[in-house]
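Observations on chain architecture
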Amino acid sequence: MKKKTCCLITMFLCLPALAWASELPTSQGDASALRSWKPFTADGLHDPSNPALVELQQPGEAMAMFPKDVANTGNQVDWVRALEQGVIVPRTNIFPDTHIEVLDLDIIMDQTSQMGLVRFPHKAHTQWLECSNCHDKIFKKKAGGNPVNMFAILMGEYCGRCHGAVAFPLTECRRCHSEPRRGFAGSYGAQEGAGKTYKPVMDQKPVGINQ
Amino acid sequence: MPFLFVGVLLPATPVQAEYGDVVLNRYAEKNGMRPVIYSHWFHRIRFRCKVCHSELGFEMRAGANDISMAKIIEGEYCGMCHNGEVAWSAEHCDRCHSGLPGLQTKIHGGGETSGPGVW
């Protein structure tokens, strides 16, 4: 009970947007209809008097046609699917002799208290990132060798270097805690064979917390 | 009661930046320019993270890179691409120096930009 309360309080403090929770749609399909992007002149960040704003691509113009993520979640774009489906083709390198490596290896992390196990997919990450971006500066290359925890992540360490900043937000608990603890028969750490494949975000069914 | 919470938690003029907008203001305003707004979302459409964060050497933390116009013009940091060859050159000051006065160096993510999706 204490843990649950603590968890809820943390989420509440971190997410002023919870105040709008009652207005959230009940399914992810409905949610996509509500997607919208603030123009530069109304985002509270850009100077509306800057004459060069008209020369910049607006977020809505750039991202409205990309594979969808839930309204108000990050950029509201399923970036992994956008890349996999070839909707975007971002360059992998500037220098011609840069070695590009994509690693298909899932890691199961079991130190997740009452939450589901974390299944970390190297593939989705290395399609975007270079191994050295995380190893060994942020994560040691050893399953179980990193004291990852949600407090540190919420403070921008470990996964929080990107998630909560540029990759999907930390409100999406189940995207990482995706492996039901009950009934998991395999071993923890590095998994054999190809990594798990996922449906596009909007086709995934919302899952309950108590798994 | 919920309205009370909203009043307490939200600033008077909320920033609704796009998720991943990075404000850089270490040197800009001190030198009479608007703060820089770097749109991470715009750049990832065109380049994978590894290009800037591995090949070009940008640390993955807002404000951790000592970027100056002198370095950019010499071809470092943004100047690796913004040189008139890969992307437009550094003479278009206002495209980057586009922020409101007084913005602090930081990345706009999480609850500042969006609400929860599916928990």
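Here the structure is a predicted model, which means the values were calculated and not measured.

Rules used throughout
Residues numbered from 1 in each chain as written. Chains lettered and ligands numbered in written order. Predicted model: local features only at pLDDT ≥ 70, side-chain atom pairs only at ≥ 80, totals over all residues. Helix = DSSP H or I, 4+ residues; strand = E, 2+ residues; numbered from the N terminus. Buried ≥ 20, exposed ≤ 12 C-beta atoms within 10 Å, placed from the backbone. Contact = placed C-beta atoms within 7 Å. pLDDT = per-residue confidence, 0-100. Core = buried A, V, L, I, M, F, W, Y, C linked by C-beta atoms within 7 Å. Pairing = 2+ DSSP bridges. Axes fitted to C-alpha atoms, helices over the stretch in contact; angles between N-to-C directions.

Here we come to the overall build of chain B. When you go through chain B residue by residue, the secondary structure sums to five helices and three strands. Tracing chain B from N to C terminus, the helices and strands come up as α-β-β-α-α-α-α-β. Across the 119 residues in chain B, those meeting the buried criterion constitute 38%. Residue pairs in contact within chain B that sit at least 24 positions apart in sequence constitute 53% of those at least 6 positions apart.

Model confidence for chain B is summarised by a mean pLDDT of 87, while 81% of its residues fall at 70 or above. Interface predicted TM-score (ipTM) for the complex: 0.85; the corresponding pTM is 0.84.

On to the nonpolar core. All names here are of chain B. Val22, Val23, Leu24 and Val36 are the most contacted members of the largest nonpolar core, which has 21 residues in total. Elements supplying a minimum of two residues to this core: strand 1 (21–24) and strand 2 (36–39). It is strand 1 that contributes the most residues to this core, three residues altogether. Here Val23 is in contact with Pro35, Ile37, Gly99, Leu103, Gln104, Thr105 and Lys106, once residues within four sequence places are set aside.

Before going further, it helps to examine the environment of Asp47 of chain A. Following the sequence through the fold, Asp47 of chain A ends up in the loop between helix 2 (28–31) and helix 3 (59–63). Here Asp47 of chain A falls in the buried class, since 20 other C-beta atoms lie within 10 Å of it.

The next subject is the sheet that holds strand 1 of chain B. Residues and elements named next belong to chain B. Pairing in this open sheet of three strands is antiparallel, and the strands run 2-1-3 from one edge to the other. Sheet topology places strand 2 and strand 3 (106–108) at the edges, where each strand pairs with a single neighbour. Between one strand axis and the next, the sheet turns through 25° on average, direction left out of account. Relative to strand 2, strand 1 is paired through four bridges, and the arrangement is antiparallel. For Val23, the partnering residue across the bridge sits in strand 2 and is Ile37.

Once that is clear, we can look at the confidence of the model for chain A. Residues and elements named next belong to chain A. Of the residues in chain A, 82% have a pLDDT of 70 or more, and the chain-wide mean is 85. Confidence scores differ between elements of chain A, with helix 1 (residues 2–14) showing the lowest mean pLDDT of 44 and helix 5 (residues 122–126) the highest of 98. Here residues 1–27 is modelled with pLDDT under 50, and outside its nearest four sequence neighbours on either side it reaches 25 contacts, counting other chains as well.

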